[in-house]
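# A structural walkthrough
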Amino acid sequence: MSGRGKFITFEGGEGSGKSTHAAALAEALKARGLDVVLTREPGGSPGAEIIRHIILSGIAKPLGTETETILFAAARDDHVKATILPALQAGRWVVCDRFVDSTRVYQGTLGKVDMKLIRALERVTVGEAMPDLTILLDVPANIGLARAKTRRGSGVADRFEAESVEFHEELRQAFLNIAAREPKRFAVIDGRAPRDVVSERIWQAVQERLLDVPQPAEAVTP
Ligand code: T5A
């Protein structure tokens, strides 16, 4: 049996490069012969993609931040059960663009939703599926928002991208605070560097934390 696969998440503000680098890392892992699932939140399973549309269109905003939090949790529950856990249990690696830390930051710190509710939802939806490694791409809010705007072109800003620069700077700090509290799970990478430099640093972190780690010797039955 191949054993459980590894779970890597990408976190950070808007336009910090998560989608770009999650896809690049998935390709690099595949090139090493690993079986990889690339996914994202909100979304990543048919049920969760429907909820993604409801949240990001902004139609649920009038219902309040608690309801939005519960919608994110409902999406995550489906994503974990339908996509993430089956893949990990089959020995595949999962690379996910955003996960629990986004809820802690956007709904918890910024949305002022009670952390007790957020933790309770986390226990129910995530359970055993906590990431083995979380890459935090750290970029000043003005740079990230400018990149997201350039990429969007004439399209409409989503529910969160439309918030102020101050909101996004606070968000950046909140991610850094979580990373400082959980240094074993997080690798913080400066996302301002050129793309290939950021990719190289991410690869180094994955190698050091997950690939070069000696595996426990297999139990030998007499
Ligand atoms: N949300 C999500 C919550 O509130 N709670 C939750 O629990 C969860 C899971 C998701 C929204 O939902 C919120 C957070 C978000 O607001 P989304 O559409 O998935 O919305 O948006 P984001 O996750 O923010 O993704 P973005 O697409 O805005 O940003 P990325 O993925 O960080 O950035 P990326 O890779 O698309 O890059 C942006 C641009 O920058 C360029 C890329 O080519 C691209 O054009 N770029 C670089 N340019 C220069 N140098 C580099 N190093 C670069 N890297 C990328």
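All of the points below concern the structure found in this document.

Bringing the nonpolar core into the picture now. Core analysis: the biggest nonpolar cluster contains 22 residues, and I8, F10, L25, L29, I135, I202 and V206 have the highest contact counts within it. Counting residues per element, the ones that place at least two in this core are β1 (7-12), α1 (18-31), β3 (93-97), β4 (133-138), β5 (186-190) and α8 (195-211). Looking at this core, the element that brings in the most residues is α8, giving seven residues. Core analysis: the next-biggest nonpolar cluster, separate from the first, contains 18 residues, V105, L110, A174 and A179 among them.

Attention now moves to the side chain of D97. Counting through the fold element by element, D97 comes out in strand β3. The buried charged residue D97 lacks any salt bridge partner; its closest oppositely charged side chain belongs to K18, at an N-O distance of 4.9 Å. Those residues in contact with D97 that sit more than four places away from it in its chain are F10, K18, S19, T39, R40 and E41.

Further remarks concern the environment of G191. Mapped onto the elements, G191 comes out in the loop between β5 and α8. Setting aside residues no more than four positions away along its own chain, G191 makes contact with D138, V139, R147 and V198.

Scanning the model with the defined rule gives three aromatic pairs in all. Ring geometry for F7 and F99: centres 5.0 Å apart, planes at 80°, overall edge-to-face. Highlighted residues: F7 in strand β1 and F99 in the loop between β3 and α4 (100-110), separated in sequence by 92 residues. The exposure class of F7 is buried, given its relative accessible area of 0%. One aromatic cluster is present, built from ring pairs that chain together Y106, F167 and F175. In this structure, R76 is placed above the aromatic ring of F99, and the distance from its NZ or CZ to the ring centre is 5.2 Å.

Our focus in this paragraph is the site of the ligand. In the vicinity of the ligand lie 28 residues, with K18, S19, T20, T103 and R151 positioned nearest. Between an oxygen atom of the ligand and a side-chain N or O atom of E14, the distance comes to 2.7 Å. Within the side chain of R195, a nitrogen or oxygen atom sits 3.1 Å from an oxygen atom of the ligand. If you list the elements that add at least two residues to the shell around the ligand, you get α1, α2 (46-56), α3 (65-89), α4 and α6 (141-152). When the residues that make up the shell around the ligand are grouped by side-chain class, the tally is seven nonpolar, 11 polar and 10 charged.

Time to look at the environment of V156. By the element assignment, V156 lies in the loop between α6 and α7 (165-181). For the pair V156 and Q204, spaced 48 residues apart in the sequence, the C-alpha separation amounts to 36 Å.

Reading the values: the criteria
- Residues numbered from 1 in each chain as written.
- Predicted model: local features only at pLDDT ≥ 70, side-chain atom pairs only at ≥ 80, totals over all residues.
- Heavy atoms only, no water.
- Core = buried A, V, L, I, M, F, W, Y, C linked by side-chain atoms within 4.5 Å.
- Buried < 20%, exposed > 50% of the residue type's maximum accessible area, 1.4 Å probe, protein only.
- Helix = DSSP H or I, 4+ residues; strand = E, 2+ residues; numbered from the N terminus.
- Lys, Arg positive; Asp, Glu negative; His and termini not counted.
- Salt bridge = Lys/Arg side-chain N within 4 Å of Asp/Glu carboxyl O.
- Contact = heavy atoms within 4.5 Å.
- Phe/Tyr/Trp six-rings, centres within 6.5 Å; stacked < 30°, edge-to-face > 60°.
- Lys NZ or Arg CZ within 6 Å of the ring centre and 35° of its normal.
- Near = heavy atom within 4 Å.
- Polar contact = N/O pair within 3.5 Å; in protein donor to acceptor, adjacent residues only side chain to side chain.
- Nonpolar A, V, L, I, M, F, W, Y, C, P; charged D, E, K, R; others polar.

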